[in-house]
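Results of the structural survey
The lines below spell out each chain.
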Amino acid sequence: MEIVNVELKSRSYPIFIGTGLLQDAASLLKPWIKGKAMIVTDQNVELLYGQTLPASFTENGMTIHMQPMPPGETTKTMDHAMELYTAALKAGMDRRSCIIALGGGVIGDLAGFVAATYMRGIDFIQIPTSLLAQVDSSVGGKVAVDHPMAKNIIGAFHQPKAVIADISVLKTLPKRELSAGLAEVIKYGAGLDEVFFYWLEQHISDIMSLDEAALAYAVKRSCQIKAGIVQSDETENGKRALLNFGHTFGHAIEVEAGYGAYLHGEAVSIGMVYAARLANIMGLTDKSYTERLIKLLKAASLPVEPPGITMRQLLPAMYHDKKVADGKLTFILPTGIGQTGIFSDIPENLLLKL
């Protein structure tokens with residue numbers, strides 16, 4: 001087992017990374033569970049791990065309530081948050097209680113949002129079961145639900161007490177989910193770490209074949225990169241926005257196509273290609289950057305073109321992006337392998353060339 005620490009003074013927390021950690025979760029988490037706990041999961045994950053995790057807590061004498069939710073992005077709504085508030089009240093949860101998110105990014109975001117707002121904020125713990133959640137959404141304290149017009153627009157910053165990334169659970173992921181997670185992994189290399197990008201080019205086939213050593217390193221390095229960014233800019237007042245490479249386009253694709261039509265990572269993959277092409281038009285990068293990026297995304301079985309969605313159709317959703325300021329679009333664009341910058345007031349006529 002390896003530990004990556006997110007250093008945020010009183011809000012610091014560890015990310016435990018290893019194999020077979022789910023069975024030992026309760027002993028790892030004991031320092032942070034002081035009262036009742038509610039495990040929020042989805043019905044698919046419950047079938048796989050709905051007995052393993054609760055058994056670990058029961059063996060350690062902890063009181064656990066299990067709350068399964070429907071799977072998929074359409075669960076990340078205020079209506080489903082209300083269901084969890086009701087479940088927490090019925091379970092007698094108080095300010096000493098803890099919410100444990102067991103699942104992918106949707107469950108982590110939803111459970112974290114409820115934890116941030118129930119009784120004005122209670123503790124929560126992330127146990128991500130998808131690659132995307134292990135490398136991205138479980139780390140950094142962004143929690144949210146969606147609005148029909150905009151993704152993640154209703155949310156808060158609420159850091160977890162701990163994160164457990166069990167590499168073993170990735171072997172049960174559908175191939176499509178694995179690929180979706182790799183979009184965020186590739187984002188870290190393409191946008192923030194040239195050496196990691198080169199490593200991914202050399203080891204993408206190992207990751208796709210579920211080699212544990214390759215997966216563990218990909219998760220660890222992604223978490224290290226994100227932790228470093230979050231430590232320097234916890235509430236996204238500057239540098240943290242760089243983590244949104246591909247996301248302005250990607251979120252718009254998710255909204256326009258209808259939540260669930262594209263997995264988040266698939267939309268981000270297409271979004272990174274759009275961002276790379278825009279950077280090329282603006283003279284920030286040459287075509288070799290875009291070519292290498294597309295080659296790696298394709299090797300991860302990710303889409304690079306949104307069928308049937310035009311840039312003109314995407315523009316309204318992009319104007320609801322959280323980075324919009326004074327009605328002007330802001331994009332995270334590459335300036336080279338492992339380098340990105342924040343660019344504001346991009347003219348629409350450039351976007352329409354994509």
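Within every chain, residues take consecutive numbers counted from 1 along the sequence as written. In keeping with the model being predicted, local features are shown solely for residues with a pLDDT of at least 70 and side-chain atom pairs are shown and tallied solely at 80 or more, while totals for entire chains, interfaces and linings include all residues. The basis for every side-chain value is the complete set of non-hydrogen atoms in the structure, without hydrogens or water.

Comments concerning the UniProt feature "binding site: NAD(+)" (unreviewed entry) in the protein chain
- UniProt positions are given in the numbering used here, feature names are shortened, and annotations may be inferred rather than shown by experiment. On the UniProt side, "binding site: NAD(+)" (unreviewed entry) is annotated at positions that read G105, V106, I107, G108, D109, T129, S130, K142 and K151 here.
- To qualify as a helix, a DSSP run of H or I must reach at least 4 residues; to qualify as a strand, a run of E must reach at least 2; elements of each kind are numbered from the N terminus. Within the secondary structure, I107 sits in helix 5 (residues 105-117).
- Relative accessible area serves as the criterion here: at 2%, I107 is assigned to the buried category.
- In contact with I107, not counting residues within four places along its chain, are V40, T41, D42, M69, A101, L102 and G112.
- Relative to the helices and strands, K142 is located in strand 7 (residues 142-147). Buried residues are those whose accessible area, probed at 1.4 Å on protein chains only, stays under 20% of the maximum for their type, while exposed residues exceed 50% and partly exposed ones sit between those limits. By definition in these notes, contact holds between two residues if any of their heavy atoms fall within 4.5 Å.

Looking at the UniProt feature "domain: 3-dehydroquinate synthase N-terminal" (unreviewed entry) in the protein chain
- Following the UniProt record, the feature "domain: 3-dehydroquinate synthase N-terminal" (unreviewed entry) maps to residues 69-179 here.
- From the first C-alpha to the last, residues 69-179 spans 23 Å; its make-up is 34% helix and 28% strand.

Things to note about helix 8 (residues 194-208)
- Counted at 1.5 Å a residue, the expected span for helix 8 with its 15 residues is 21 Å, and the 21 Å between its end C-alpha atoms agrees.
- All of the buried residues in helix 8 are F196, F197, W199, L200, I204, I207 and M208.
- For this analysis, a polar contact is any N or O atom pair within 3.5 Å, provided that within protein one partner can donate a hydrogen and the other can accept it, and provided that sequence-adjacent residues contribute only side-chain to side-chain pairs. Two or three places before V195, at the opening of helix 8, D193 has a side-chain oxygen 3.1 Å from that residue's backbone nitrogen.
- Trailing helix 8 by a residue or two, L210 shows a phi angle of about 65°, which is positive. Here the expected length of a helix is defined as 1.5 Å per residue gap, with one fewer gap than residues.

Notes on the side chain of T290
- Mapped onto the elements, T290 comes out in helix 12 (residues 287-299).
- For T290, a relative accessible area of 9% gives the class buried.
- With near-sequence residues (within four places) excluded, T290 lies in contact with A276 and R277.

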